[in-house]
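As a plain string of letters, each chain reads:
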Amino acid sequence: MKNTFTNFFFLILCSGFLFSCGDDDNDPKSTSDIEGVWSLKSMDYDGKYSAYQQGELLDEGTFTGEASDIDMTFDFKGDKLLASGSFNMSMEYDLFPGVEYKIPVSGSNFSGTWEANGDKIYFQTLSGPEEAQIISQTANELVLKMSSTMSQAAIGVENVFEMDGVYVLTK
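What counts and how
- Sequence positions are assigned chain by chain, starting from 1 and proceeding in written order.
- In keeping with the predicted nature of the model, local features appear solely for residues at pLDDT of at least 70, side-chain atom pairs appear and are counted solely at 80 or more, and the whole-chain, interface and lining totals rest on all residues.
- Computation of side-chain values covers all heavy atoms of the structure but excludes hydrogens and water.
- Under the DSSP-based scheme used, a helix requires at least four consecutive residues in state H or I and a strand at least two consecutive residues in state E, with every element numbered from the N terminus.
- When checking whether two residues touch, look at their non-hydrogen atoms; a contact exists if any pair is within 4.5 Å.
- A 1.4 Å probe rolled over the protein chains alone gives each residue an accessible area, and that area as a share of the maximum for its type sets the label: buried under 20%, exposed over 50%, partly exposed in between.
- For two strands to count as paired, DSSP must find a minimum of two bridges between them.
- Patches here: salt-bridge-free residues with over 30% relative accessible area, like charges joined within 9 Å, nonpolar side chains (Val, Leu, Ile, Met, Phe, Trp, Tyr) joined within 5 Å.
- To measure how exposed things are, a 1.4 Å probe is used in the Shrake-Rupley method; for residues, cover is taken only from the protein chains shown.
- Within this document, salt bridges are pairs made up of a side-chain nitrogen of Lys or Arg and a carboxyl oxygen of Asp or Glu, the two lying within 4 Å of each other.
- Charge assignment: positive for Lys and Arg, negative for Asp and Glu; neither His nor the chain ends contribute.
- In this description, the location of a charge corresponds to atom NZ of lysine, CZ of arginine, CG of aspartate or CD of glutamate.
- Side-chain atoms within 4.5 Å are what join buried Ala, Val, Leu, Ile, Met, Phe, Trp, Tyr and Cys residues into a set we call a nonpolar core.
- Summary of the metric used: pLDDT quantifies the predictor's per-residue confidence within the range 0 to 100.

With that settled, the discussion passes to the environment of isoleucine 121. Residue position: isoleucine 121 is located in strand β6 (residues 120-125). Once the C-alpha coordinates of isoleucine 121 and glutamate 131 are considered, the two residues, ten residues apart in sequence, prove to be 5.5 Å apart. Look past the residues within four positions of isoleucine 121 in its chain and what remains in contact with it is Ile34, Trp114, Glu115, Ala116, Glu130, Glu131, Ala132, Ile134, Leu142 and Leu144.

As structure tokens, then:
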């Protein structure tokens, strides 16, 4: 049961990993500096999870991970965003120290709108509004930090993930 449960964790985590929430600031960035096609070069994340069945805590702990074999692009054009590609998520849970799980994320395609304002980029996709904090930005590199809390339920189990991720994109 625990192995099936852990595999279910990975599936849920992969489904909503690319964009999440953060703070607000009003120092406007030039959208022309962000416009263009960016390639995802790295993605590192950590967080904590809790799993509940019928309201009873089944498991909780922390996880860390990074993306590998990345072939993912983000096309910022006008106020439109088109993302497509694939990568592998490598994760390690404190529940299973020394065991690395690799989950392929292929066909990750989505579109929406975006707006830069201060040190934030605001996104609107089918999954709803989200935002990223701009950690650093040069003409050829954009480093974003995104935080999120996700809750998903299936087969009688509710999984709650709180995570922070740092994403490095290059032109």
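We are not done yet, so read on.
What follows deals with the pairing of strand β9 (residues 157-170). Taken across its 14 residues, β9 has ten buried, putting it largely inside the fold. With 14 bridges connecting them, strand β1 (residues 36-53) and β9 associate as antiparallel partners. If you follow glycine 47 over to β9, its bridge partner there is methionine 163. Pairing of strand β8 (residues 141-154) with β9, which is carried by 14 bridges, proceeds in the antiparallel orientation.

Further remarks concern a negative patch on the surface. A cluster of acidic residues, Asp44, Glu66, Glu92 and Glu100, forms a negative patch on the protein surface. With respect to the helices, strands and loops of the structure, aspartate 44 is situated in strand β1.

So, on to unusual backbone geometry. Phi is positive for glutamine 54, close to 50 degrees, though the residue is something other than glycine. Residue position: glutamine 54 is located in the loop between β1 and β2 (56-77). At isoleucine 155, a residue that is not glycine, the phi angle is positive and equals roughly 45 degrees. Structurally, the position occupied by isoleucine 155 is in the loop between β8 and β9.

The next point concerns the pattern of salt bridges. One pass over the full model with this rule turns up three salt bridges. Ionic pairing is found between lysine 80 and aspartate 79, a salt bridge with its closest N-O pair at 3.6 Å. Judged by relative accessible area, which is 47%, lysine 80 ranks as partly exposed. By relative accessible area, aspartate 79 is classed as partly exposed at 40%. One salt bridge in this structure joins aspartate 119 and lysine 120, with 3.6 Å as the shortest N-O distance.

Judged by nonpolar contacts, the single largest core of 35 residues is most densely connected at Ile34 and Phe74. With six residues, strand β3 (residues 80-93) is the largest single contributor of residues to this core.

Judged by which residues are buried, strand β4 (residues 101-105) turns out to be one-sided: Tyr101, Ile103 and Val105 face inward and are buried, whereas Lys102 and Pro104, on the alternate face, are not. One ladder, built from five bridges, connects β3 with β4; its direction is antiparallel. The residue bridging methionine 91 from the neighbouring strand is tyrosine 101, located in β4.

On to the confidence of the model for the chain, then. Overall, the prediction assigns the chain a mean pLDDT of 82, with 82% of residues at 70 or greater. Averaged pLDDT values for the elements of the chain fall to 40 in helix α1 (residues 2-15) and rise to 94 in β1. Every residue in residues 1-28 is under pLDDT 50, and counting partners more than four places away or in other chains gives 88 contacts.

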